[in-house]
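Structural overview
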Amino acid sequence: MRETAENRLPGDPDAKTLVEQMIRVDQAGEYGAVRIYAGQLAVLPRGRAADAIRHMAEREREHLDTFDRLIVERRVRPTLLSPIWHVAGFALGAATAALGPKAAMACTVAVEEVIDEHYSRQAEQLGDDEAELRETIETFRGDEVAHRDEALEHGATETLGYGVLSAGIKAGSRLAIWLSTRL
Ligand SMILES: [Fe+2]
Ligand SMILES: [Fe+2]
């Protein structure tokens with residue numbers, strides 16, 4: 001039997017706090033994902049990329065619904081930063097889509113790579129006492145990895161300045177995770 005946060009160090013949050021932080025940051029992240037795709041679709045409403053984006057956005061909506069439900073069930077205080085993610089997510093989506101469909105896909109690859117790491121780390125910290133949450137996170141991680149692969153198939157890496165764009169978006173995503181865990 002593995003327990004949640006069993007490898008925690010002195011000063012690390014206890015299991016209850018850790019789980020609350022996970023639900024808070026994941027709800028914020030899935031909200032951000034919904035907003036990114038909304039921004040992309042506002043700029044690129046039609047075409048091959050738009051069809052793929054619409055599919056991915058549907059999954060993000062399901063992910064968000066799940067964490068919205070968990071926020072209520074587990075009485076977790078939601079992030080205070082939703083108004084920021086509302087605007088920043090949409091802006092990131094719209095800005096990348098304005099650079100073209102491949103840049104929009106490059107955005108998805110960058111975000112999903114960060115989320116893959118983030119969900120993996122959470123799944124490692126969750127014990128058998130949180131098996132259901134761990135399974136949910138693992139399922140969602142699988143969806144995010146599939147989105148990354150789909151975006152790669154759409155030529156994400158052929159975007160001009162891919163390296164810089166990707167590094168910038170990853171840094172922003174990591175900052176958003178850090179902030180939404182705490183605030
Ligand atoms: Fe998601
Ligand atoms: Fe995703």
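Structure shown above.
Let us look at the structure shown here. Remember, predicted model here, so these are calculated numbers, not experimental data.

**Re the pattern of salt bridges**
In total, this model carries 15 salt bridges according to the counting rule given. The salt bridge partner of Glu20 is Lys16, with a shortest N-O separation of 3.0 Å. Residue Glu20 and its partner Lys16 are located together in helix H1 (residues 15–43), separated by four residues, close to a single helical turn. A network of salt bridges, in which partner residues are shared, links Asp116, Glu138, Arg141, Arg148 and Asp149.

**Comments concerning the coordination of the iron ion (ligand 2)**
Protein coordination of the iron ion (ligand 2) is provided by Glu60 (OE), Glu112 (OE), Glu144 (OE) and His147 (ND1), with donor distances spanning 1.8 to 2.3 Å. Around the iron ion (ligand 2), the four donor atoms are arranged such that angles at the metal cover 91 to 133 degrees; this shape is classified as tetrahedral. Positions of the donor residues of the iron ion (ligand 2) along the chain correspond to the pattern E-x51-E-x31-E-x2-H. A separation of 3.9 Å is found between the iron ion (ligand 2) and the iron ion (ligand 1), both of which receive a donor from Glu60. Highlighted residues: Glu60 in helix H2 (residues 48–73) and Glu144 in helix H5 (residues 131–153), separated in sequence by 84 residues. For Glu60, a relative accessible area of 1% gives the class buried. Judged by its relative accessible area of 1%, Glu144 falls in the buried class.

**So, unusual backbone geometry**
Backbone geometry places Ala5, a non-glycine residue, at a positive phi of 65 degrees. Within the secondary structure, Ala5 is located in the segment before H1. For Arg75, which is not a glycine, the phi torsion comes out positive at approximately 50 degrees. Within the secondary structure, Arg75 sits in the loop between H2 and helix H3 (82–98).

What counts, and where the lines are drawn
Note on numbering: residues in each chain are counted from 1, in written sequence order. Whichever chain is written first is A, and whichever ligand is written first is 1; the rest continue in order. Reporting of local features is limited, given that this is a predicted model, to residues whose pLDDT is at least 70; pairs of side-chain atoms are given and counted only at 80 or more, and all residues count toward the totals for whole chains, interfaces and linings. As a convention, hydrogens and water are excluded, and side-chain values are obtained from all of the structure's heavy atoms. Just to be clear on terms, a salt bridge is a Lys or Arg side-chain nitrogen sitting within 4 Å of an Asp or Glu carboxyl oxygen. Comment: elements are numbered from the N terminus, with helices defined as DSSP H or I runs of at least four residues and strands as E runs of at least two. A donor here means an N, O or S atom no more than 2.8 Å from the metal, or no more than 3.2 Å when the metal is Na, K or Ca. Since water is not included, a site may seem to lack partners. Irregular is the default label, applied whenever a site is not tetrahedral (four donors, all angles between 85 and 135 degrees) and neither square planar nor octahedral (four or six donors, opposite donors over 155 degrees apart, all other angles between 65 and 115). Throughout this description, buried means an accessible area under 20% of the type-specific maximum (1.4 Å probe, protein chains only), exposed means over 50%, and partly exposed covers the range between.

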